[in-house]
Amino acid sequence: METLFNSMGTVIYFAQGWFFYRIVCCLLTPPKIKSVKVLSWLLLTFVCSVAIFAEDIVNISLSLLLFFAVSGFLFSGPWYVKTSVVMILFPIVTALNYLHYSIGALIFFTVAGGYGLANAVFSNLSLLITLAFWYVFYLAMNKRLSRISSLLDKRSWLFLDIICLASFAAVISLVYFMPSGIEIASYPCMAACILTNVGSIYLASYLADGIQADMERKNLRLQKNYYEELEQNQTAIRKIRHDINSHFTVLEGLLKNNETDRALSYFENLTGYVETGSRRFCQNSIVNAVLNAKYNLACDSGIDCFFHISIDGIMSIDDISLCTIFSNTLDNAIEACKKIKEPDRRKISVRARHGENGYFSYEIVNSKQNEIREKKGVLLTDKDDARSHGLGIASVKEAVEKYKGTFDISYTEDEFRIVVLIQV
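Everything numeric in this text was worked out from a predicted model, so none of it was measured. (Residues numbered from 1 in each chain as written. Predicted model: local features only at pLDDT ≥ 70, side-chain atom pairs only at ≥ 80, totals over all residues. Heavy atoms only, no water.)

Draft legend 1. Inspection of unusual backbone geometry at higher detail. Its identity is not glycine, yet glutamate 55 carries a phi of approximately 60 degrees, on the positive side. With respect to the helices and strands, the residue glutamate 55 is situated in the loop between helix H2 (34–49) and helix H3 (57–74). You will see that lysine 404, though not glycine, has its phi angle at about 60 degrees, which is positive. Looking at where lysine 404 falls in the secondary structure, it is placed in the loop between helix H11 (391–402) and strand S6 (406–411). Exposure remark for lysine 404: the relative accessible area of 55% places this residue in the exposed category. (Helix = DSSP H or I, 4+ residues; strand = E, 2+ residues; numbered from the N terminus. Buried < 20%, exposed > 50% of the residue type's maximum accessible area, 1.4 Å probe, protein only.)

Following this line, the structure appears as structure tokens:
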């Protein structure tokens, strides 16, 4: 009978370890190799079920180091997210196990007062409490954690770490320094640590919702720009169609009068008028609208532009991030070119490609004459409003970091270059 209950306890251990493993998978990318997945599950089972008592320095230190090792080496993701996973979940794990084993031991020795079969029954059945906790936690939090993982940026993760630092330090200090025999005094604090970190997840979820709402607002603005661009094109086409007979009459008259040069000039102007705003840089309508708007703005400023865009079929990078990269870098390039006094020196070259090797590459080169100033590796603006300096570049960097890409800036006396590379 005792063996049966011990076997049941082992099953419960691995069941709660599985739910804990799935929780970690919501925040980090799990291993692809099946054997490594199983290893991660087994190690995380130990992390979430290790017995924690007062002055139990060995167990808490071992589980903390193991948690860092598993998240750091077996899962994939940015280092700051891996750190945040430990900062968020470890205080919950430690406080839960501390309360479970401490209160369980108190009840057992007070009520049951024995060992043997009674110990096997009580200790193994009590594991159903922690199993239920992690099961409910997973059901309640998996969607929130997945949304947090996909939307929070580096600064938001670090902010979340700072919030969780108090409960992290509290549980470690209580276990290290709380004398045995008076553990009951630490119960409220341990329960508060669990509630604090669960609340932090809800806070991060609301922050993620705000980021998503902001992205949707940006997307709506991009769509608005697209439809305005489309409406302008359609208006221009309707006007050309309406006036086409008149244009043909003018051309016919010029040619009959042998005014060939004037006819060619009139035809070139008419062709340029028809083509304005109707360029197709890529199949993505939103990105194409942004590129058209920036191209027209550059041309109106007398800037010689070369756009070579080959990103059709790219699915892994969202429209907001693509438009952030194109829009901000082109705005900076146009602004730099407009400061050049000689119009023939104003040049912008844009190349974007989604290759078969699974990479998105982007390069923009613009001519310049203003001096580039740096402070501690950060480019300084020469705008009148210094408060807005670097915001465009910072937005591009955030978009690139979101996809774990590389962002490189280089410049000479006459040129400024930005290169982005993202594996998709």
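There is more to say after this.
Draft legend 2. How the structure looks around the sheet that holds strand S2 (residues 347–354). Spatial strand order, S1-S2-S3-S7-S6: five strands in an open sheet with mixed pairing. The open sheet has two edge strands with one neighbour each: strand S1 (304–310) and S6. Averaged over neighbouring strand pairs, the angle between their axes works out to 5 degrees when direction is ignored. Relative to strand S7 (residues 415–423), strand S3 (residues 359–367) runs antiparallel, the two being bridged by nine bridges. Its bridge partner being in S7, valine 365 is matched across the sheet by arginine 417. Packing of helix H10 (residues 319–338) onto the sheet brings it into contact with S1, S2, S3 and S7, and relative to S3 it is tilted by some 15 degrees. (Pairing = 2+ DSSP bridges. Axes fitted to C-alpha atoms, helices over the stretch in contact; angles between N-to-C directions. Contact = heavy atoms within 4.5 Å.)

Draft legend 3. Summary view of the pattern of salt bridges. The tally for this structure, following the rule as stated, stands at 11 salt bridges. Of the charged contacts in the structure, one is a salt bridge between arginine 147 and aspartate 209, with a shortest N-O distance of 2.7 Å. Of this pair, arginine 147 sits in helix H5 (residues 117–151) while aspartate 209 sits in helix H7 (residues 187–256); the two residues are 62 residues apart in sequence, bridging distant segments of the chain. Under the relative-accessibility criterion, arginine 147 is labelled partly exposed at 22%. What emerges from the salt-bridge pattern is a single network uniting Arg351, Glu363, Glu415 and Arg417. (Salt bridge = Lys/Arg side-chain N within 4 Å of Asp/Glu carboxyl O.)

Draft legend 4. Geometry of the side chain of arginine 346. If you trace the backbone, arginine 346 turns up in the loop between H10 and S2. The buried charged residue arginine 346 lacks any salt bridge partner; its closest oppositely charged side chain belongs to glutamate 342, at an N-O distance of 7.3 Å. Ignoring anything within four residues of it in the chain, the contact list for arginine 346 reads Ser301, Gly302, Ile303, Asp304, Cys337, Lys338, Ile340, Lys341 and Ser367. (Lys, Arg positive; Asp, Glu negative; His and termini not counted.)

Draft legend 5. A look at helix H9 (residues 285–300). In this model H9 runs 22 Å from its N-terminal to its C-terminal C-alpha over 16 residues, within 8% of the 22 Å that 1.5 Å per residue would give. Within the sequence span of H9, burial applies to Ile286, Val287, Asn288, Ala289, Val290, Leu291, Asn292, Lys294, Tyr295, Asn296 and Ala298. Near the N-terminus of H9, the side chain that reaches the backbone nitrogen of valine 287, with its oxygen 3.1 Å away, is that of asparagine 284. Two residues or fewer past H9, glycine 302 is found with a positive phi of approximately 70 degrees. (Expected span 1.5 Å × (residues − 1). Polar contact = N/O pair within 3.5 Å; in protein donor to acceptor, adjacent residues only side chain to side chain.)

In short, geometric facts, not functional conclusions.
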